[in-house]
Amino acid sequence: MSEADTAKPSAEIDPRLLEALVCPVTRRPLTYDKAAQELISPTAGLAYPIRSGVPIMLVDQARKFEPTKG
């Protein structure tokens with residue numbers, strides 16, 4: 001397998017899609033982390049992966065991190 005086959009794609013997410021998506025836990029807007037290919041919910045402390053250009057909006061598939069306060 002070549003390095004190109006294992007590289008993470010860095011496709012842009014459609015801004016209209018980003019405006020429509022909300023965190024399934026908090027129902028608040030998400031932010032897009034292009035480098036990590038994740039949609040971030042800072043309030044919930046969850047980062048939802050984007051795989052092959054498709055946001056995976058399942059809590060059990062999200063990466064957890066310490067949520068922001070305020």
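Higher on the page you've got the structure.
Residues numbered from 1 in each chain as written. Predicted model: local features only at pLDDT ≥ 70, side-chain atom pairs only at ≥ 80, totals over all residues. Heavy atoms only, no water.

(A) Geometry of the pattern of salt bridges. One pass over the full model with this rule turns up two salt bridges. Arg16 is the salt-bridge partner of Asp14, the closest N and O atoms lying 3.1 Å from each other. Note on Arg16: relative accessible area 64%, which makes it exposed. For Arg63, the salt bridge identified is with Glu38, shortest N-O distance 2.8 Å. (Salt bridge = Lys/Arg side-chain N within 4 Å of Asp/Glu carboxyl O. Buried < 20%, exposed > 50% of the residue type's maximum accessible area, 1.4 Å probe, protein only.)

(B) Geometry of the nonpolar core. One finds Ile13, Leu21, Cys23, Leu30, Leu39, Leu46, Tyr48, Ile50 and Ala62 forming the largest nonpolar core, which totals nine residues. Ranked by residues supplied to this core, first place goes to strand E3 (residues 46–51) with three residues. Not counting residues up to four positions away in its chain, the partners in contact with Cys23 are Arg28, Leu30, Ser41, Ala44 and Tyr48. (Core = buried A, V, L, I, M, F, W, Y, C linked by side-chain atoms within 4.5 Å. Helix = DSSP H or I, 4+ residues; strand = E, 2+ residues; numbered from the N terminus. Contact = heavy atoms within 4.5 Å.)

(C) Spotlight on the pairing of E3. For E3, a buried count of five out of six residues is recorded, marking the element as mostly surrounded by other parts of the structure. Two elements, strand E2 (residues 38–41) and E3, share four bridges in a ladder whose sense is antiparallel. Note on E3: the bridge partner recorded for Ser41 is Leu46. As paired strands, E3 and strand E5 (residues 63–64) are joined by two bridges and run antiparallel to one another. If you follow Leu46 over to E5, its bridge partner there is Lys64. Sheet topology note: the E3/strand E4 (residues 54–55) ladder contains two bridges and is antiparallel. Considered in E4, the bridge of Ile50 is made with Pro55. The turn linking E3 back onto E4 is made up of two residues, and Ser52 within it adopts a positive phi angle of 55 degrees. (Pairing = 2+ DSSP bridges.)

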